[in-house]
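Observations on the three-dimensional arrangement
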Amino acid sequence: MPTRTRAPRRRRNLAPLAFVAPFLLLFLLTFGAPIGYAVYQSVMDVEHTGPLGLGGSRTVFVALNNYSDALSDDTFLRSVGRVLLFAVVQVPVMVALAAGLALLLDSASARGVRFFRAAYFLPYGVPGVIASILWGFLYVPGVSPLVDGMRHLGVSVDLLGGNTVLWSIANIVTWEFAGYNILVLVAQLRTIPAELYEAARIDGASAWMTVRHVKLPLLRPALILTTVFTIIGTLQLFAEPLVLKPVSSSIDSAYTPNLSAYNEAFTNDNYHLAAAEAVLLALAAFVLSFGFLRLVNKRGGDA
């Protein structure tokens, strides 16, 4: 009798695993395996044998040598510093802009909400390469109506110069992804019970007080989510500088860490160093995103 009851119980315990198994399998194939292979490539290198290295080659284990080479490369370190500077400015601007527009779309006096929501989200559907090409035409002197218009007003600016191109890229990224963040924040605002707004109105709260004491606290989970996504996406900056590189002499082949890894892999044929740079970038994204999550969770707990 105990044997009969144990078998159905075992089947019940295995049932959740059967539902999760397809996801786990796809996750391992599409994420786990590529990450594991990149880590494997990063600790290997090609060793040439014979006189002048003409005797053949073999792949050997070199431990952390590729990581050491990457971290001792001034060009790669400058690209990391450039992306970190980009993130320090881009992440707050992106999240603040998305939050402000989401609150405006959620306000009681808003008109044409569906139109503006679709208009803000539409750039997210444009591939990054296409968006960069479109904005590239707006940045190139002699082609751009923006540059020509500012020149007629007596304002001379090189949007692709060394001091401005990073922020021109930031403008493209904001245009591309602000709409997605707005949609996430608006969806969170829609879940706030109307009774809370009614209670705030009865208590005499102004529109600003309602935003500050009702909407923003309840919007916190979505703000954290969009901030984490923005941090990760910022560190992965690649398509925009790659497309703008032919029209800007200020963008080199190692302008961002992703560009540096791409150049090492497909120009210098150094796949192992490229893998090490990619792993370092992934670790940086992991540390910054989870560090941010820990910080906000700690502050939330203290509050």
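All of the points below concern the structure found in this document. A quick note: this is a predicted structure, and the numbers were derived from the prediction, not measured.

1. Concerning the packing of aromatic side chains
- Considering all chains together, one arrives at 14 aromatic pairs under this definition.
- For the ring pair Phe 121 and Tyr 124, a centre distance of 5.5 Å and an interplane angle of 45° mean the geometry is tilted.
- Exposure remark for Tyr 124: the relative accessible area of 35% places this residue in the partly exposed category.
- Relative to Phe 290, the ring of Phe 286 has its centre 4.5 Å away and its plane inclined at 35°; by these criteria the two rings are tilted. Of this pair, Phe 286 and Phe 290 both sit in helix α12 (residues 271-302), 4 residues apart, which is roughly one turn of the helix.
- Through successive ring pairs, a cluster of aromatic residues spans Phe 121, Tyr 124, Phe 177 and Tyr 180.
- Here Arg 82 stacks its cationic end above the ring of Tyr 255, 4.3 Å away from the centre of that ring.

2. Things to note about the nonpolar core
- In terms of nonpolar packing, the biggest core is built from 22 residues, with Ala 102, Ile 182, Leu 185, Leu 189, Leu 219 and Leu 223 touching the most fellow members.
- Going through the elements one at a time, α3 (74-106), α7 (165-190) and α9 (207-235) are the ones with two or more residues in this core.
- Ranked by residue count, the leading element in this core is α3, at 9 residues.
- When neighbours within four sequence positions are excluded, Leu 185 is seen to be in contact with Ala 98, Ala 99, Ala 102, Leu 219, Ala 222, Leu 223 and Thr 226.
- Core analysis: the next-biggest nonpolar cluster, separate from the first, contains 20 residues, Ala 131, Trp 135, Val 173 and Ile 251 among them.

3. Some points on α9
- The end-to-end C-alpha distance of α9 is 36 Å, clearly below the 42 Å that 29 residues give at a rise of 1.5 Å each.
- Where α9 bends most, at Arg 220, the angle is about 50°, and the proline Pro 221 comes one to four residues later.

4. Considerations on a nonpolar patch on the surface
- On the surface, Leu 14, Leu 17, Phe 19, Val 20, Phe 23, Leu 24, Phe 27, Leu 28, Phe 31, Ile 35 and Val 39 cluster together to form a nonpolar patch covering roughly 1,100 Å² of accessible area.
- Examined against the element boundaries, Phe 31 turns out to sit in helix α1 (residues 2-42).

5. What about unusual backbone geometry?
- The phi torsion at Ala 63 lies on the positive side, around 60°, for a residue other than glycine.
- Within the secondary structure, Ala 63 is located in the loop between β2 (56-61) and α2 (65-71).
- The phi angle at Asp 269 is positive, at roughly 55°, despite the residue not being glycine.
- By the element assignment, Asp 269 lies in the loop between α11 (257-266) and α12.
- Judged by its relative accessible area of 54%, Asp 269 falls in the exposed class.

6. As for the packing of α7 against α9
- Contact geometry of α7 with α9 gives a least axis separation of 9 Å together with a crossing angle of 155°. It follows from the interaxial angle that α7 and α9 lie roughly antiparallel. Crossing of α7 over α9 shows right-handed handedness. Packed against α7, whose contacting residues are Tyr 180, Asn 181, Val 184, Leu 185, Gln 188 and Leu 189, the element α9 presents Lys 215, Leu 218, Leu 219, Ala 222, Leu 223, Leu 225, Thr 226, Phe 229 and Thr 230 at the interface.
- Here the residues of the contact of α7 with α9 are counted per class, giving 10 nonpolar, 4 polar and 1 charged.

The rules we used
Residues numbered from 1 in each chain as written. Predicted model: local features only at pLDDT ≥ 70, side-chain atom pairs only at ≥ 80, totals over all residues. Heavy atoms only, no water. Phe/Tyr/Trp six-rings, centres within 6.5 Å; stacked < 30°, edge-to-face > 60°. Buried < 20%, exposed > 50% of the residue type's maximum accessible area, 1.4 Å probe, protein only. Helix = DSSP H or I, 4+ residues; strand = E, 2+ residues; numbered from the N terminus. Lys NZ or Arg CZ within 6 Å of the ring centre and 35° of its normal. Core = buried A, V, L, I, M, F, W, Y, C linked by side-chain atoms within 4.5 Å. Contact = heavy atoms within 4.5 Å. Expected span 1.5 Å × (residues − 1). Bend = angle between axes of the 7 residues up to and from the residue. Patch = residues over 30% accessible without salt bridge, like charges linked within 9 Å, V, L, I, M, F, W, Y side chains within 5 Å. Areas by Shrake-Rupley, 256 points an atom, 1.4 Å probe, with all protein chains shown as cover. Salt bridge = Lys/Arg side-chain N within 4 Å of Asp/Glu carboxyl O. Axes fitted to C-alpha atoms, helices over the stretch in contact; angles between N-to-C directions. Parallel < 35°, antiparallel > 145°, perpendicular 65-115°, else oblique. Left-handed = near helix turned anticlockwise from the far one by under 90°. Nonpolar A, V, L, I, M, F, W, Y, C, P; charged D, E, K, R; others polar.

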